[in-house]
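# Structure at a glance
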Amino acid sequence: MDSVLFLILAAVYMILFAYGFILMKLDSRPGLRYLLLFVTAGLVWDNAIIGAGIFIGEGPLLEQLNVTRYWIHAVATPLLAIVSYDLIRQAGSPWARKKAAAVGAWLFTAALIVVELITETLPLVVEPSLEYGALRYVPVEASGPPLMVIVILVPLLAAGITAWRRNKSPLLLIGTILMALGSAFPIPIESSAVTNVFELLLLVSLWLTIRKLTFSRTVSLP
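All of the points below concern the structure found in this document. Note that this is a predicted model, so its numbers are computed, not measured.

Moving on, we come to the overall build of the chain. When its secondary structure is counted, the chain shows 8 helices and 2 strands. Secondary structure elements of the chain occur, N-terminal to C-terminal, as α-α-α-α-α-β-β-α-α-α. For 222 residues, the compact-globule estimate of 2.2 N^0.38 gives 17 Å, and the chain sits close to it at 18 Å. Dimensions along the principal axes, computed over C-alpha positions, put the chain at roughly 50 × 35 × 30 Å. The burial tally for the chain puts 45% of its 222 residues in the buried class. Carbon together with sulfur atoms contributes 69% to the accessible area of the chain, which is approximately 11,600 Å² in total.

Below you can see the structure in the form of structure tokens.
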């Protein structure tokens with residue numbers, strides 16, 4: 001049943017959050033890349049609410065809990081652009097060290113948040129949906145993957161290519177490609193949790209890339 005799968009995913013994200021927090025505490029120079037903690041925490045909440053939906057039951061409480069999922073998505077997901085910028089900078093790309101690059105990354109992130117809030121979150125109207133044993137509230141009008149998911153893949157792809165070329169670490173590039181494929185093509189599996197699994201693979205690749213770029217000269221790693 002998908003409810004169990006979503007709860008398992010939430011637990012895995014909690015472990016991933018703890019791992020990221022440990023990396024940040026061990027990092028002598030923690031940077032913007034650790035904004036990934038907010039994205040990871042948002043995915044803990046997202047999967048936990050979907051997984052617990054069948055136990056909470058249809059009604060105002062579950063509806064409001066699901067609405068918070070979309071608000072968190074609108075604010076947290078664009079932070080991946082800043083994370084990507086910091087990883088490119090960490091990988092040693094000269095242009096990423098310029099002030100204009102940092103300003104551009106912040107403006108890009110802010111624009112994504114504003115557009116998502118105005119076009120998707122503020123006018124949001126949801127309805128209950130029971131799919132493969134998981135109860136959640138989904139937008140009444142929804143077609144295909146959200147535009148922000150497609151747009152955010154661009155800086156992630158850039159960071160993945162940079163990390164691969166400069167540090168010989170293909171993990172983020174692989175994770176981004178898998179996420180893109182998972183969003184673009186339907187998977188012939190009777191489960192609504194498949195896309196969330198691709199998100200997990202992307203987050204794992206991000207945290208491992210942070211570990212690689214930050215602690216490449218460290219002997220003992222968590």
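What follows continues from the structure just given.
The subject of this paragraph is the pattern of salt bridges. Applying the stated rule across the entire model yields 3 salt bridges. For Asp-86, the salt bridge identified is with Arg-33, shortest N-O distance 2.8 Å. In this pair, Asp-86 is assigned in helix 4 (residues 79–90) and Arg-33 in the loop between helix 1 (2–26) and helix 2 (36–56), connecting sequence segments 53 residues apart. Overall, the relative accessible area of 5% leaves Asp-86 in the buried class. A salt bridge links Asp-46 to Arg-69; its shortest N-O distance comes to 2.8 Å. Of the two residues, Asp-46 is situated in helix 2 and Arg-69 in helix 3 (residues 60–76); the sequence distance between them amounts to 23 residues. Taken together, the salt bridges that share partners define one network made up of Asp-27, Arg-33 and Asp-86.

Now for the nonpolar core. Side chains of nonpolar character tend, in soluble globular proteins, to be buried together. Residues Leu-36, Leu-87, Leu-206 and Trp-207 are the most contacted members of the largest nonpolar core, which totals 47 residues. At the level of elements, helix 1, helix 2, helix 4, helix 5 (99–121), helix 6 (147–167), helix 7 (171–184) and helix 8 (194–214) are the ones that each hand at least two residues to this core. Among the elements that take part in this core, helix 8 stands out by supplying 9 residues, more than any other. Those residues in contact with Leu-87 that lie beyond four places of it in its chain are Arg-33, Ala-159, Leu-172, Leu-206, Thr-209, Ile-210 and Leu-213. Ile-49, Leu-65, Val-67 and Tyr-137 belong to the second largest nonpolar core, which has 8 residues in total.

Unlike most non-glycine residues, Tyr-132 shows phi in positive territory, near 50°. Residue placement: Tyr-132 occurs in the loop between strand 1 (126–131) and strand 2 (134–139).

Packing of helix 4 against helix 5 leaves a shortest axis separation of 8 Å and a crossing angle of 160°. Relative to helix 5, the element helix 4 lies roughly antiparallel. Here helix 4 runs over helix 5; the crossing is right-handed. Residue-level contacts link Leu-79, Ala-81, Ile-82 and Tyr-85 of helix 4 to Ala-101, Ala-102, Ala-105, Trp-106, Phe-108 and Thr-109 of helix 5. Partitioning the contact of helix 4 with helix 5 into residue classes produces 9 nonpolar, 1 polar and no charged.

Right, let's talk about the packing of helix 4 against helix 8 for a bit. A pair of packed helices is captured by two measures, namely the crossing angle of their axes and the spacing between those axes. Closest axis-to-axis distance for the helix 4/helix 8 pair is 10 Å, and the angle between their directions is 30°. Judged on the interaxial angle alone, helix 8 and helix 4 are roughly parallel. By crossing handedness, the relation of helix 4 to helix 8 is classed as left-handed. Across the interface between the two elements, Leu-80, Val-83, Leu-87 and Gln-90 from helix 4 touch Leu-206, Thr-209, Ile-210, Leu-213 and Thr-214 from helix 8. For the contact of helix 4 with helix 8, the residue count by class is 6 nonpolar, 3 polar and no charged.

Further remarks concern the side chain of Glu-116. For Glu-116, the location among the structural elements is in helix 5. As a buried residue without a salt bridge, Glu-116 has its nearest oppositely charged side chain in Arg-69, at a separation of 11 Å.

Time to look at the layout of surface pockets. Empty space within the second largest pocket amounts to approximately 200 Å³. Lining the second largest pocket we find Asp-27, Ser-28, Arg-29, Pro-30, Gly-31, Arg-33, Asp-86, Arg-89, Gln-90, Arg-97 and Thr-214. Across the lining of the second largest pocket, the residue classes break down as 1 nonpolar, 4 polar and 6 charged.

Rules of the game
- Residues numbered from 1 in each chain as written.
- Predicted model: local features only at pLDDT ≥ 70, side-chain atom pairs only at ≥ 80, totals over all residues.
- Heavy atoms only, no water.
- Helix = DSSP H or I, 4+ residues; strand = E, 2+ residues; numbered from the N terminus.
- Rg over C-alpha atoms; globule rule 2.2 N^0.38 Å.
- Buried < 20%, exposed > 50% of the residue type's maximum accessible area, 1.4 Å probe, protein only.
- Areas by Shrake-Rupley, 256 points an atom, 1.4 Å probe, with all protein chains shown as cover.
- Salt bridge = Lys/Arg side-chain N within 4 Å of Asp/Glu carboxyl O.
- Core = buried A, V, L, I, M, F, W, Y, C linked by side-chain atoms within 4.5 Å.
- Contact = heavy atoms within 4.5 Å.
- Axes fitted to C-alpha atoms, helices over the stretch in contact; angles between N-to-C directions.
- Parallel < 35°, antiparallel > 145°, perpendicular 65-115°, else oblique.
- Left-handed = near helix turned anticlockwise from the far one by under 90°.
- Nonpolar A, V, L, I, M, F, W, Y, C, P; charged D, E, K, R; others polar.
- Lys, Arg positive; Asp, Glu negative; His and termini not counted.
- 1 Å grid on protein atoms, 1.4 Å probe; cavity = no way out; pocket = protein on both sides within 12 Å on 5 of 7 lines; lining within 4 Å.
- Points joined across faces, edges and corners; volume = space filled by probe spheres on them.

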